[in-house]
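Residues per chain, in single letters:
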Amino acid sequence: QVQLVESGGGLVQAGGSLRLSCAASGLTFSMYAMGWFRQAPGKEREFVAAISRGAGSTNYADSVKGRFTISRDNAKNTVTLQLNSLKPEDTAVYYCAVRTYVSGSYSIRSEYNYWGQGTQVTVSS
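Residues numbered from 1 in each chain as written. Predicted model: local features only at pLDDT ≥ 70, side-chain atom pairs only at ≥ 80, totals over all residues. Heavy atoms only, no water.

(A) Highlighting the sheet that holds strand S3 (residues 18-25). Taken together, four strands build an open sheet; the order of strands is S1-S3-S8-S7 and the sheet is antiparallel. Looking at the sheet topology across the chains shown, the edges are occupied by strand S1 (3-7) and strand S7 (68-73). Neighbour-to-neighbour, the strand axes of this sheet turn through a mean angle of 15 degrees, independent of strand direction. For S7 and strand S8 (residues 78-83), the ladder comprises six bridges, and the chain directions are antiparallel. From the neighbouring strand, Arg 72 faces S8, where its bridge partner is Val 79. (Pairing = 2+ DSSP bridges. Helix = DSSP H or I, 4+ residues; strand = E, 2+ residues; numbered from the N terminus. Axes fitted to C-alpha atoms, helices over the stretch in contact; angles between N-to-C directions.)

(B) Geometry of the pattern of salt bridges. Going through the model one piece at a time under the given rule, you end up with six salt bridges. In this structure, the salt-bridge partner of Arg 38 is Asp 90, at a minimum N-O distance of 2.9 Å. One end of the pair, Arg 38, is in strand S4 (residues 33-39); the other, Asp 90, is in the loop between S8 and strand S9 (92-99), and 52 residues separate them in sequence. Among the ionic pairs, Arg 109 bridges to Glu 44, the shortest N-O distance being 3.4 Å. (Salt bridge = Lys/Arg side-chain N within 4 Å of Asp/Glu carboxyl O.)

Shown next, in the form of structure tokens:
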């Protein structure tokens, strides 16, 4: 069984930073691209960042580009999202996910089959 466990969320002031981590198990981690999504109250889950299985390429939503950094450690089966220069609009539950389908865009939710429980990020103004 595939399990993804996010951690590192919390409350931070605008301009601050957080580092989110996702620990994966039950799969050959290095064989899959990974992604981070977020969902704010009343909104649909949206794409944040993605990283290829070998970490050779990364992609970011325009709203976070230049502020967030996605990385992975295949030896530890973890994927990390560094959040810098946080804004109130970044407030959301952040989820990591496994990209099991690679026929479309990395930003499409349906490309990902396995999801973690999420970790809350709250940014105060």
